[in-house]
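Residues per chain, in single letters:
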Amino acid sequence: MISFNGKKNNEPDENSENDPDLVPQSPRVPLWLAGFLGFIALSVIIGAFVIEARNSASDYAPTPDVYIPVSPVQHELMELNWVEQYFLDINPFSRPGEYIEQVNGIVIHNIGNPGTTALQNRNYFNNLQHRQYRFASAHFIICLDGAVLQCVPIDELAFASNIRNYDTISIEVTHPDATGRFTHESYVTLVRLTAWLNIKFGLTSDDVIRHADIPGIVTDCPRYFVNNPEAWDRLLEDIDNEMERQLRQQEE
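What counts and what doesn't
Residues numbered from 1 in each chain as written. Predicted model: local features only at pLDDT ≥ 70, side-chain atom pairs only at ≥ 80, totals over all residues. Heavy atoms only, no water. Helix = DSSP H or I, 4+ residues; strand = E, 2+ residues; numbered from the N terminus. Contact = heavy atoms within 4.5 Å. Areas by Shrake-Rupley, 256 points an atom, 1.4 Å probe, with all protein chains shown as cover. Buried < 20%, exposed > 50% of the residue type's maximum accessible area, 1.4 Å probe, protein only. Expected span 1.5 Å × (residues − 1). Salt bridge = Lys/Arg side-chain N within 4 Å of Asp/Glu carboxyl O. Axes fitted to C-alpha atoms, helices over the stretch in contact; angles between N-to-C directions. Parallel < 35°, antiparallel > 145°, perpendicular 65-115°, else oblique. Left-handed = near helix turned anticlockwise from the far one by under 90°. Nonpolar A, V, L, I, M, F, W, Y, C, P; charged D, E, K, R; others polar. Pairing = 2+ DSSP bridges.

Here we come to the overall build of the protein chain. Helices and strands together make up the secondary structure of the protein chain, namely 6 helices and 6 strands. Taking the intrachain contacts of the protein chain between residues at least 6 apart in sequence as the baseline, contacts between residues at least 24 apart amount to 71%. Accessible surface computed for the protein chain: about 15200 Å², of which carbon and sulfur atoms make up 54%.

This part is about the environment of Leu-247. Examined against the element boundaries, Leu-247 turns out to sit in helix 6 (residues 229–251). Owing to a relative accessible area of 37%, Leu-247 belongs among the partly exposed residues under this scheme. In this structure, the C-alpha to C-alpha distance between Leu-247 and Trp-196, residues 51 residues apart in sequence, is 9.3 Å.

Here helix 4 (residues 184–201) spans 26 Å end to end across 18 residues, near enough to the 26 Å set by a 1.5 Å rise per residue. Buried residues of helix 4: Ser-186, Tyr-187, Thr-189, Leu-190, Val-191, Leu-193, Thr-194, Ala-195, Trp-196, Leu-197, Asn-198 and Ile-199, and no others. Two residues or fewer after helix 4 comes Gly-202, characterised by a positive phi angle close to 70 degrees.

Right, let's talk about the pattern of salt bridges for a bit. When the charged atoms of two side chains lie near each other, side chains of opposite charge can form a pair. Tallied over the entire structure, the rule returns 6 salt bridges. Of the charged contacts, one joins Arg-95 and Glu-156 as a salt bridge, the two residues approaching to 2.8 Å between their closest N and O atoms. In this pair, Arg-95 is assigned in the loop between strand 1 (83–85) and strand 2 (105–110) and Glu-156 in the loop between strand 4 (148–150) and strand 5 (168–173), connecting sequence segments 61 residues apart. Between Arg-164 and Asp-167 there is a salt bridge whose closest N-O contact spans 2.8 Å. On the accessibility criterion, Arg-164 (22% relative accessible area) is partly exposed.

Here we take up the packing of helix 4 against helix 6. At a minimum axis separation of 8 Å, helix 4 and helix 6 run at an interaxial angle of 60 degrees. Considered as vectors, helix 4 and helix 6 are oriented oblique to each other. Pair helix 4 / helix 6 crosses with right-handed handedness. Contacts from Tyr-187, Leu-190, Val-191, Arg-192, Thr-194, Ala-195, Trp-196, Asn-198 and Ile-199 of helix 4 reach helix 6 at Arg-234, Leu-235, Asp-238, Ile-239, Glu-242, Met-243, Gln-246, Leu-247 and Gln-250. When its residues are assigned to classes, the contact of helix 4 with helix 6 shows 10 nonpolar, 4 polar and 4 charged.

Another aspect to go through is the pairing of strand 5. Counted residue by residue, strand 5 has 6 buried out of 6 residues, so it is predominantly covered. Relative to strand 5, strand 2 runs parallel, the two being bridged by 6 bridges. Each residue of the ladder has a partner; that of Asn-110, found in strand 5, is Val-173. Note that strand 3 (residues 140–142) and strand 5 share 3 bridges and pair parallel. Of the residues in strand 5, the one forming a bridge with Ile-141 is Glu-172.

With 6 of its 6 residues buried, strand 2 lies for the most part within the structure. With burial as the criterion, each face of strand 2 is covered, one bearing Gly-105, Val-107 and His-109 and the other bearing Ile-106, Ile-108 and Asn-110. The pairing of strand 2 with strand 6 (residues 208–210) spans 3 bridges and is classified as parallel. Looking across to strand 6, one finds that Ile-108 is bridged to Arg-210.

And the structure:
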């Protein structure tokens, strides 16, 4: 029998091995299945990138909701009803999270902006992580009304005292005008807080210094006490007297 192409049905076609309809084919993957497998592969890749990003950002993670104090003194501070903790976020520009091995002194500063509150200056320090143009912070800020805001745990360094950042605690004090003179309320709190810290760290008034006393620093901070050395001497005397009062109170 002759087929329509002029050949018998039982004769092999010379081009049959090149005919795709006659060559055995590999099974084809349905389009929906290929898309599903591709989606899974893409999800795995994206998940790996997310995990890597989280790991790389862990060095400067936000301050946890519940801060667990490392040092016993910090734990005691958090029990005081006259000191409020409002810690900065951990970040390279104001709270790097580096620990102080030993506290050898207390440095007194005045805030650079007269008339501002402790909270305003705390927020300024915290926002430096977004502005990224300078390094600045303090362990404590005393407000015009005498309230105390702790911004950095005392077992971590703050960017306040230049070469003494690694062995001192910094106290910034707000003031109403350009003279830098503290209010009565802020002065009383400064004496109280400094005396308390001296006792806890085994320091004396000799270990309390002005920012301007740090070698290599050209500054008039704290301005009023730099311009009035007798007022500084009186402050140190008041700190000594307050230390004696607090020690007597502890013995009672």
